[in-house]
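A closer look at the structure
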Amino acid sequence: MSGGATAPLPCHPGLREMERLKRRLDRVPALLGGARRVRLCGLPPPEDAEGALRLEGVAALLAAHGLAVEERPPRTGRAEPALWLGGEVGELPRLARGAPVLLWPPADAPPAHVAAALGARPGARLLLAHPEAAPPGQEAMAMPDPAHALWGLLDHHPQGAGVLAVGGDHPWAALLPPGRVALARRIARLHRGLRLPLGRPAALARRRLLEAARRVVAAHAEVETDRPGASLFAALLGRPARLRGAAAAYWRAWGAA
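To keep things clear, this report deals only with the structure shown in the data block. The structure presented is a predicted model; accordingly, all values stated were derived computationally and were not measured. (Residues numbered from 1 in each chain as written. Predicted model: local features only at pLDDT ≥ 70, side-chain atom pairs only at ≥ 80, totals over all residues. Heavy atoms only, no water.)

What follows is about helix H3 (residues 49–64). Its 16 residues give H3 an end-to-end C-alpha distance of 22 Å, which sits within 8% of 22 Å, the value for a rise of 1.5 Å per residue. Counted residue by residue, H3 has 13 buried out of 16 residues, so it is predominantly covered. Looking at the residues trailing H3, positive phi occurs at glycine 66, about 80 degrees. (Helix = DSSP H or I, 4+ residues; strand = E, 2+ residues; numbered from the N terminus. Expected span 1.5 Å × (residues − 1). Buried < 20%, exposed > 50% of the residue type's maximum accessible area, 1.4 Å probe, protein only.)

As structure tokens, this is what we get:
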């Protein structure tokens, strides 16, 4: 386990709390203007397990409301609802005016990056886990992480053993099988270099990465982390967590700490 000056904050959200957070996400589809298809942009890096969890949460949320998703980069001048997940901001200016755009960065996204996204797409609606952290003069809607949409969809498992430390000196890359990471990166390079519609292969690689991360978390009895994404893995799999830093701030904001 990693040390720290602040005592770990235990977090084990109950069933009602997790269900409440999942239901709050049902407000998001209405913000997209009744669309039937939504462009996803600002996707996480292919090896980002926490980003994969958020992306699968968004896909599950939209699918539950009958919305299809498109993960290819936006086409200039094509008016379509879009949802930016906190990655590169270069795709945002290519989104045409006249269609709703939601900016939904991770809970621990740097404020400067969020401000850059707003600058690249003025008029976009901002969804934040911590609305008080919005750039000056910018309103934000309070919204929990999209990974909550996976509540009840991930299998629960018998209790594992030991404490899994994630963050700081224990990055996800060191915890996951190298082959799963390499596959996700190869498909992402093809997607970017050839600009092919590799939605299904990319989703398969992402889900294999996510499955590897799920197995790692499920093999332990407890999680210690300062990362909101890792704490969400723990909550979705029914594992108590010792939280610090951004992870503790996330659950304090949403009433489960």
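Turning to the pattern of salt bridges, a few remarks are in order. Tallied over the full model, the rule gives 13 salt bridges. Two residues, arginine 54 and aspartate 145, come together in a salt bridge whose shortest N-O distance is 3.1 Å. Residue arginine 54 is located in helix H3, and its partner aspartate 145 is located in the loop between strand E7 (141–142) and strand E8 (163–166); the two are separated by 91 residues in the primary sequence. Assessed through its relative accessible area of 6%, aspartate 145 is described here as buried. In this structure, glutamate 211 engages arginine 215 in a salt bridge whose closest nitrogen and oxygen atoms are separated by 3.0 Å. Pair noted here: glutamate 211 and arginine 215 are both in helix H6 (residues 199–218), with a separation of 4 residues, about one helical turn. Here glutamate 211 falls in the partly exposed class, since its relative accessible area comes to 23%. Classification of arginine 215 as exposed rests on a relative accessible area of 55%. One salt-bridge network, in which partners are shared between bridges, spans Glu50, Asp108 and Arg227. (Salt bridge = Lys/Arg side-chain N within 4 Å of Asp/Glu carboxyl O.)

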